[in-house]
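# Structure at a glance
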Amino acid sequence: MIFRRTHLFKLGRAPLKRKLIITYMIMTVIPMGILGYITYTQNTKAIEEQVGEYIPRLLNQANKNIENELNLLNDLPHAIYNSKEIMSILRSTPYKEKSAFLQEKYTVESFLSNNYLNSNHSDILAAFLITNNGNYISTKTPFKGMNFDDSILPFGEIHDLAGDTPIILPNKTNLTFEKDIPFILLVKELTDFENRESLGSLIIAVDVEFIEKILNDIDKEERATMWLMDENGYIIYHPDKSLIGQIDGGLVDYPLVNGSFRTMEQTKENVLYSMNQSTTKHWILAHSIPMKYLTERTDIVKNYTLSIFLILMIISTIISIFIAWSVTKPIKHLGKVMKEVEDGNLHVNITPINKDEVGQLAESFQSMLEQLRILIQKNYEIELQQRNAQIYALQSQINPHFMYNTLETIGAVIEEEDSETAVDMVGILGQMLRYSLSSSESLVPLQTELIHIKNYLRLQKIRFEDRVHYEMDGEEQIPLYYSPKFIIQPIIENTFKYGMKQRKVLKISITILVEDEKLKIIIKDNGPGIDKEKLQSIQKNLDKQDYFTRESGVGLTNVHARIKMLFTNKYGITIESVESMGTTVTIFLPLITDPCIVCEKWPEGEGKNGENESDCCR
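Source: prediction; values computed, not measured.

Of the regular secondary structure elements, the chain holds 15 helices and 21 strands. Counting only carbon and sulfur atoms, one obtains 53% of the accessible surface of the chain, whose full area is about 34,900 Å².

For the rest of this paragraph, the subject is the sheet that holds strand β18 (residues 572-578). Read across the open sheet, the 5 strands follow the order β14-β16-β17-β19-β18; overall the sheet is mixed. Each edge of the open sheet is held by one strand with a lone partner, namely β14 (468-473) and β18. Averaged over all adjacent pairs, the angle separating strand axes in this sheet is 15°, with direction ignored. Across 8 bridges, strand β16 (residues 506-515) lies against strand β17 (residues 518-525) in antiparallel orientation. Looking across to β17, one finds that T511 is bridged to I522. Those strands touched by helix α12 (residues 446-464) are β14, β16 and β17, and its axis lies near 160° from that of β14. Contacting β14, β16, β17 and β19 (582-590), helix α13 (residues 489-502) runs over the sheet at an angle of about 155° to β16.

We now examine helix α15 (residues 556-566). For α15, the buried fraction is high: 11 of the 11 residues fall into the buried class. Among the residues making up α15, those that are buried are L556, T557, N558, V559, H560, A561, R562, I563, K564, M565 and L566.

Ordered by their spatial adjacency, 5 strands build an open sheet running β2-β1-β7-β6-β4, and the pairing between neighbours is antiparallel. Pairing within the sheet leaves two strands with one partner each, and these edge strands are β2 (134-139) and β4 (167-168). The strands touched by helix α4 (residues 84-91) are β1 (124-131), β2, β6 (183-191) and β7 (198-207); relative to β7, the strand with the most contacts, the crossing angle is about 120°. Strands in contact with helix α5 (residues 98-117) are β1, β2 and β7; relative to β2, the strand with the most contacts, it is inclined by about 40°.

Turning to the packing of helix α11 (residues 419-437) against α12, a few remarks are in order. For the pair α11 and α12, interaxial distance at closest approach is 10 Å and the crossing angle is 140°. Between α11 and α12, the angle is such that the two are oblique. In this structure, α11 meets α12 at a crossing whose hand is left-handed. Where α11 abuts α12, its residues T421, M425, I428, L429, Q431, M432, Y435 and S436 lie against T448, E449, H452, N455, Y456, R458, L459 and I462. When grouped by side-chain class, the residues that make up the contact of α11 with α12 number 8 nonpolar, 6 polar and 2 charged.

With that out of the way, let us pick up the pattern of salt bridges. All chains considered together, the criterion is met by 6 salt bridges. Measuring nitrogen to oxygen at the nearest pair gives 3.5 Å for the salt bridge that ties K213 to D123. Highlighted residues: K213 in helix α6 (residues 209-217) and D123 in the loop between α5 and β1, separated in sequence by 90 residues. What makes D123 buried here is its relative accessible area of 12%.

So, on to a negative patch on the surface. On the surface, E415, E416, E465 and D466 cluster together to form a negatively charged patch. Relative to the assigned elements, E415 resides in helix α10 (residues 400-415).

As a further point, take unusual backbone geometry. Residue E465 is not a glycine yet carries a positive backbone phi of 50°. Positionally, E465 belongs in the loop between α12 and β14.

Turning our eyes to something else, we now look at the nonpolar core. Counting residues in hydrophobic clusters, the biggest one holds 56 residues, and the most contacted among them are I492, F496, I510, I521 and I587. A per-element tally of this core places α12 first, with 7 residues. Among the nonpolar cores identified, the runner-up in size contains 51 residues, and A62, I66, I214 and A224 belong to it.

What follows deals with the packing of aromatic side chains. In this structure the tally under the stated criterion is 9 aromatic pairs. On the numbers, 6.2 Å between centres and 35° between planes, the contact of F322 with W325 is tilted. Remark: W325 and F322 occur in helix α8 (residues 296-342); sequence separation between them is 3 residues, near one turn of the helix. Judged by relative accessible area, which is 41%, W325 ranks as partly exposed. Ring centres 6.0 Å apart and planes at 85° place the aromatic pair Y456 and F496 in the edge-to-face group. Residue Y456 is located in helix α12, and its partner F496 is located in helix α13; the two are separated by 40 residues in the primary sequence. F496 carries the same exposure label as Y456, and that label is buried. Ring pairing ties together the aromatic residues F128, F143, F177 and F183, which thus form one cluster. Cation over ring: K485 sits above Y435, and NZ or CZ is 4.9 Å from the ring centre. Residue placement shows K518 over the ring face of Y571; its charged tip is 5.7 Å from the ring centre.

Its location among the elements puts N526 in the loop between β17 and α14 (532-543). A polar atom in the side chain of N526 sits 3.1 Å from the backbone oxygen of V505. The contacts of N526, once residues within four sequence positions are left out, are R503, V505, L506, K507, M581 and G582.

Viewed as axis vectors pointing N to C, α14 and α15 meet at an angle of 30°, and their least axial separation amounts to 9 Å. One element, α14, and the other, α15, form an angle in the roughly parallel class. Where α14 crosses over α15, the two elements pack in a sense that is right-handed. Residue-level inspection shows I538, N541 and L542 of α14 in contact with α15, the latter providing L556, T557, H560 and K564.

The rules we used
- Residues numbered from 1 in each chain as written.
- Predicted model: local features only at pLDDT ≥ 70, side-chain atom pairs only at ≥ 80, totals over all residues.
- Heavy atoms only, no water.
- Helix = DSSP H or I, 4+ residues; strand = E, 2+ residues; numbered from the N terminus.
- Areas by Shrake-Rupley, 256 points an atom, 1.4 Å probe, with all protein chains shown as cover.
- Pairing = 2+ DSSP bridges.
- Axes fitted to C-alpha atoms, helices over the stretch in contact; angles between N-to-C directions.
- Contact = heavy atoms within 4.5 Å.
- Buried < 20%, exposed > 50% of the residue type's maximum accessible area, 1.4 Å probe, protein only.
- Parallel < 35°, antiparallel > 145°, perpendicular 65-115°, else oblique.
- Left-handed = near helix turned anticlockwise from the far one by under 90°.
- Nonpolar A, V, L, I, M, F, W, Y, C, P; charged D, E, K, R; others polar.
- Salt bridge = Lys/Arg side-chain N within 4 Å of Asp/Glu carboxyl O.
- Patch = residues over 30% accessible without salt bridge, like charges linked within 9 Å, V, L, I, M, F, W, Y side chains within 5 Å.
- Lys, Arg positive; Asp, Glu negative; His and termini not counted.
- Charge placed at Lys NZ, Arg CZ, Asp CG, Glu CD.
- Core = buried A, V, L, I, M, F, W, Y, C linked by side-chain atoms within 4.5 Å.
- Phe/Tyr/Trp six-rings, centres within 6.5 Å; stacked < 30°, edge-to-face > 60°.
- Lys NZ or Arg CZ within 6 Å of the ring centre and 35° of its normal.
- Polar contact = N/O pair within 3.5 Å; in protein donor to acceptor, adjacent residues only side chain to side chain.

Structure, rendered in C-alpha cells:
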C-alpha cells in the first residue's frame with residue numbers, strides 16, 4: 001500500500017492525463033480548502049473577541065445589582081431603631097419574670113415576622129435577634145443547627161462589628177434550612193444611640209434565589225452559565241444547586257482580571273470564561289459558555305461551506321477528468337498515427353481535431369507527411385528518370401548504328417594502317433561505355449560529363465571528319481562544380497540527328513560560364529533550326545509540371561525534368577531556334593560544390609549555390 005501511494009506521486013513517469021488531473025485538483029481544491037479554513041477560524045476568533053469583550057461589562061453590571069440588593073438588605077435592621085417598643089425591650093433588664101419575658105418574646109418575634117419575613121423581601125428565610133436579655137427567632141422555613149450556645153454570635157456576648165454588616169456564608173455555620181435551601185447570613189450589630197452600648201445583633205438569613213433573579217434580568221445567553229463565588233472559590237450561587245457550597249477548583253485558571261476572558265478546553269470542548277470581581281465584597285461573578293453555542297451560526301455556515309466544498313470538489317474532479325480526457329485524446333490519437341508512420345505506413349490520415357495547438361500540430365504533421373510522400377515519390381521518379389537516362393545513354397552507345405558506324409570507322413582506320421587512331425577510337429569507345437556503366441550517383445563532376453561529351457564528339461569527328469566542327473570554351477576557367485549525369489549528350493545527339501541531314505558542315509559550340517549565380521551550359525549549332533509551331537510545342541511540353549504522367553521518354557524533356565526535380569523550377573533548359581539558322585540550347589544549373597547535397601525542395605529564395613540549407617539533406 002505504501003509503495004502504491006509513493007508510486008502515485010512519481011509524476012515524472014505518470015501519464016499526462018494523471019498529471020493534468022492532479023494539477024487541476026491541486027490548483028482548485030487546496031486554495032478553496034485554505035480559504036474556507038481561514039474564513040472559519042477568523043470568524044470564530046472575531047465572535048470570541050466580541051463576546052469576550054461584551055460579557056465582562058455585563059458581569060460588572062450584574063455584580064453592581066447584587067451589591068445594591070445586599071445594601072438594601074443591610075438597611076433592614078434600621079427598622080428596629082424606629083420601634084420604641086422593641087428598643088424598650090432591648091434596653092430592659094434581663095432579669096424579669098417568665099411571663100413578662102414571654103410577652104416580650106412574642107412582641108419581638110411578631111415585629112421580626114412583620115418587618116422582615118412578610119416584607120417585600122420574600123427571599124428572607126429567617127431573622128435571628130440575639131440580645132443581652134434573650135434571643136428571638138422568627139422564621140418561615142424550618143431550620144436546624146442554630147445553636148446559640150455554640151454560635152458564631154453566642155448569647156450574652158457583645159460583638160463589636162464596627163458598624164459593618166458582615167456576610168456569613170453557610171460553610172461558616174451549622175445552620176441549615178429544610179430542603180437545604182442555599183442562603184447567606186447578614187449580621188448587623190444593634191447599638192443603643194443613647195449610651196453607645198451594644199444591644200445585640202440581628203442575623204437575617206437570605207435565600208440566594210435573589211441572585212438568580214438578578215442574573216435572569218440581565219441580557220445573557222440562555223445557554224450560558226453564571227455563578228457567584230467568594231474570593232476563595234466558595235460557590236455562593238450556582239444554577240446547579242448541588243455545586244453551591246463547594247469550592248470551584250478552576251479558580252486558579254480563571255481570568256480574574258476584570259474585563260478579561262479566556263477560552264479553555266473542558267471535557268474536549270472549548271469554553272469561554274469571563275469573570276468580574278466586586279470591589280467591596282470581592283465576590284467573583286463567573287460566566288461560562290461553550291464556544292459551540294457562540295459559533296453555532298458559524299458552524300452552520302461552515303457545514304454549508306464544507307458541503308459546497310465537497311460538491312465543488314466532485315464537480316472539479318469531473319471537470320478535470322473531462323478536460324484531461326479532451327486534452328489527451330487528440331494527443332493519444334496523434335501518437336497512434338505517428339506510431340503507424342514509424343512502422344512504415346505513410347498513408348495514414350489524421351481526422352480533423354480541435355483547432356488548438358494539438359490540432360495545429362496534427363495539421364502540420366499531416367502536411368509534413370504529405371510532403372514526405374511527395375518527396376519519396378519524387379525521389380522515386382528521379383531515380384527512374386535517371387535510370388532511363390542511363391539506359392538511354394547506354395543504348396546510344398551500343399546502338400547498332402552507332403556501334404556499326406564506329407566499328408566500321410575503326411576498321412577503315414586499320415585498313416589505312418592508322419593503328420594509332422584505331423587504338424584511340426577503341427579507347428574512347430571504352431571510356432564512354434565505362435562512364436555509362438559507372439557511378440549511380442545523381443551528381444557527377446562537370447568535368448567528367450564534359451570528357452564524356454568530348455569523347456562522343458571525337459568519335460563523331462573521326463567518323464565525319466571535316467563535316468563536323470566543334471569547340472568548347474570556359475571549361476578550364478570554372479571551379480569544380482557538379483551536374484546531373486547525361487544532361488549534355490541528349491542535346492548533342494539531337495544536333496547530329498537533325499543537323500547532319502541538312503548541313504554539309506555541322507558546327508557545334510559548347511560554352512560553360514557562371515552568370516547570375518548560375519552555371520550555364522550553352523550548346524549552339526548551325527543546324528536547320530526548328531519552326532515556330534514545333535518550337536512552341538517543345539516549350540509547352542517543357543513547361544508542364546506533371547513530369548511523371550507525360551510521355552516524355554528521353555531527350556530534352558528528360559534532361560529538363562530531371563534538373564527541375566533535383567533543384568527547382570528556376571533551373572532547367574531553354575531553347576532558342578531560328579529556322580534555317582540554328583538552335584541554341586542553354587542548360588541552367590545551380591553552383592553545386594558538394595555532390596552530397598541534393599535539395600529535395602526549393603522554396604523561393606535559394607542559397608548562394610542554389611541549394612537551400614534548411615531543406616537540403618546530406
